[in-house]
Amino acid sequence: MLIRKPADLRYSDVTPRQLYVNRRRFLAAGSAALGAWTLPTPAKAAGVKIANVVKSNYKVDEKMNSYEDATTYNNYYEFGTDKAEPARNANTLKPSPWQIVVGGLVNKPKTFDLDAIMKLAPLEERVYRHRCVEAWSIVVPWIGYSLANLLKQVDPKSNAKYVAFETLFDRKQMPLWGRAGIELPYVEGLRLDEAMHPLTLLSVGLYGEMLPNQNGAPVRLVVPWKYGFKGIKSIVKITLTDELPPTTWHATNAREYGFYSNVNPTVDHPRWSQGTERRLGELFKRKTLMFNGYTDQVASLYTGLDLKKFY
Ligand SMILES: Nc1nc2c(c(=O)[nH]1)N[C@H]1C(S)=C(S)[C@@H](COP(=O)(O)O)O[C@H]1N2
Ligand SMILES: [Mo]
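In what follows, the accompanying structure is described.

Neighbouring residues of ligand 1: 16 residues in total, closest Asn-74, Tyr-77, Glu-78, Gly-231 and Lys-233. Lys-233 is positioned with one of its side-chain polar atoms (N or O) 2.7 Å from an oxygen atom of ligand 1. If ligand 1 stood free it would expose 540 Å²; the protein chains cover 98% of that surface.

Bringing the pattern of salt bridges into the picture now. Note on pairing: side chains with opposite charge can pair once their charged atoms come close. All told, the structure shown has 15 salt bridges when counted by the stated rule. Across the pair Asp-115 and Lys-119 runs a salt bridge, and its minimum N-O distance is 4.0 Å. Of the two residues, Asp-115 and Lys-119 both sit in helix H4 (residues 114–119), four residues apart, roughly one turn of that helix. Asp-115 gets classed as buried once you look at its relative accessible area, which sits at 19%. The partly exposed category is assigned to Lys-119, whose relative accessible area is 31%. Across the pair Glu-256 and Arg-271 runs a salt bridge, and its minimum N-O distance is 2.7 Å. Residue Glu-256 is found in the loop between helix H7 (248–252) and strand S14 (276–279), and its partner Arg-271 is found in the loop between H7 and S14; the two are separated by 15 residues along the sequence. The class of Glu-256 is buried, set by a relative accessible area of 11%.

What follows deals with the pairing of strand S6 (residues 124–131). Burial within S6 is extensive, with eight of its eight residues counted as buried. The two faces of S6 match: Glu-124, Arg-126, Tyr-128 and His-130 on one face and Glu-125, Val-127, Arg-129 and Arg-131 on the other face are all buried. Where strand S3 (residues 54–59) and S6 come together, three bridges link them in parallel fashion. For Lys-59, the partnering residue across the bridge sits in S6 and is Val-127. The pairing of S6 with strand S7 (residues 136–146) spans eight bridges and is antiparallel. Residue pairing for S7: Tyr-128 is matched across the bridge by Val-140.

Take the environment of Asp-242 next. If you trace the backbone, Asp-242 turns up in the loop between strand S13 (235–241) and H7. Residue Asp-242 is classed as partly exposed on the basis of its relative accessible area of 40%. For Asp-242 and Tyr-162, which are 80 residues apart along the polypeptide, the C-alpha to C-alpha distance reads 5.9 Å. Beyond its immediate chain neighbours, meaning those up to four positions away, Asp-242 contacts Leu-105, Asn-159, Lys-161 and Tyr-162.

Now for the nonpolar core. Nonpolar side chains in soluble globular proteins generally cluster together in the buried interior. Membership of the largest hydrophobic core comes to 82 residues, with the highest contact counts inside it found for Leu-151, Phe-165, Leu-221, Trp-225 and Ile-238. Ranked by residue count, the leading element in this core is S7, at seven residues. The contact partners of Leu-151, leaving out residues within four places of it in the chain, are Pro-156, Val-163, Leu-192, Ala-195, Met-196, Ile-238 and Leu-240.

A few words on unusual backbone geometry. Residues Ser-96 and Pro-97 are joined by a peptide bond in cis, for which omega reads 0°. Here the bond from Ala-217 into Pro-218 is cis, since omega is -5°, no more than 30 degrees from zero. Within the secondary structure, Pro-218 sits in the loop between strand S11 (209–210) and strand S12 (220–222). One non-glycine residue with positive phi stands out, namely Tyr-207, at about 50°. If you trace the backbone, Tyr-207 turns up in the loop between strand S10 (201–206) and S11. For Tyr-207, a relative accessible area of 17% gives the class buried.

About the cut-offs
- Residues numbered from 1 in each chain as written.
- Chains lettered and ligands numbered in written order.
- Predicted model: local features only at pLDDT ≥ 70, side-chain atom pairs only at ≥ 80, totals over all residues.
- Heavy atoms only, no water.
- Near = heavy atom within 4 Å.
- Polar contact = N/O pair within 3.5 Å; in protein donor to acceptor, adjacent residues only side chain to side chain.
- Areas by Shrake-Rupley, 256 points an atom, 1.4 Å probe, with all protein chains shown as cover.
- Salt bridge = Lys/Arg side-chain N within 4 Å of Asp/Glu carboxyl O.
- Helix = DSSP H or I, 4+ residues; strand = E, 2+ residues; numbered from the N terminus.
- Buried < 20%, exposed > 50% of the residue type's maximum accessible area, 1.4 Å probe, protein only.
- Pairing = 2+ DSSP bridges.
- Contact = heavy atoms within 4.5 Å.
- Core = buried A, V, L, I, M, F, W, Y, C linked by side-chain atoms within 4.5 Å.

All we've got here are geometric facts, nothing functional implied.
The structure is reproduced here in structure tokens:
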């Protein structure tokens, strides 16, 4: 494989998936995929291969879910609240051109366009467990890099304690927004040390390809030791702050969803157990692991914190 320095990587380095690999998906990607030198047609980034991805050691030793599982069973309320709806409805989202505005308590506020995001750090493939608070889970080969790479570029001020994230909210691109039943834009937040943790992934792709819209194109978060809703999709804004940022699910129902939302089999949701989960594609439930199995890496972030109180 041709290896190039990250600085040489361009968003336009993405190449179309070869026709014979999966004709149906290629057709879904549409005619834009025929022009390898152009940006993919906005709504059709799915099926577009990402070049120069390095394999990461962050790889769980479990069977991966299928591309089908990961891209047809989704939560993206802006495009419908049923699991099958985002895959059907998110084609109205335009993931290009795209910008993420990064500011707040930083010394070097900066706006990143997609090209800059794609080449900011070497793109890695990381196979993570991802567990939804609704007790289903999935193992996905994500593509991206540690969010810390981006945060370091804006140089957080010493009084910055939290990072707030915001999803795009555009009624034209999200015509079903009124059915979401949550306040929009979707917002999320992390403590700064959580955001700087190497496991916290800024993701631009999965299964070797750019993120399909329903998975949060063109750039989303994956925080594998927390419930899936912390993995905010289609990010347009990142703000460093000294105050606990509002988070969508906490704002919707504070009793049921906390700020931390670490995967914790000993703290049940008020309406169901968090002790077990169903891996998509499997018949029998499996035990949910503390911090979703990432205890060795993240437990030290929470020494002295009462995880029942700070759920
Ligand atoms: N903007 C936005 N981000 C979101 C959501 C959403 O509804 N809107 N759902 C969250 C939830 S509940 C989960 S479980 C994950 C699902 O990610 P996936 O569809 O890629 O598996 O996205 C999270 N990010
Ligand atoms: Mo979720």
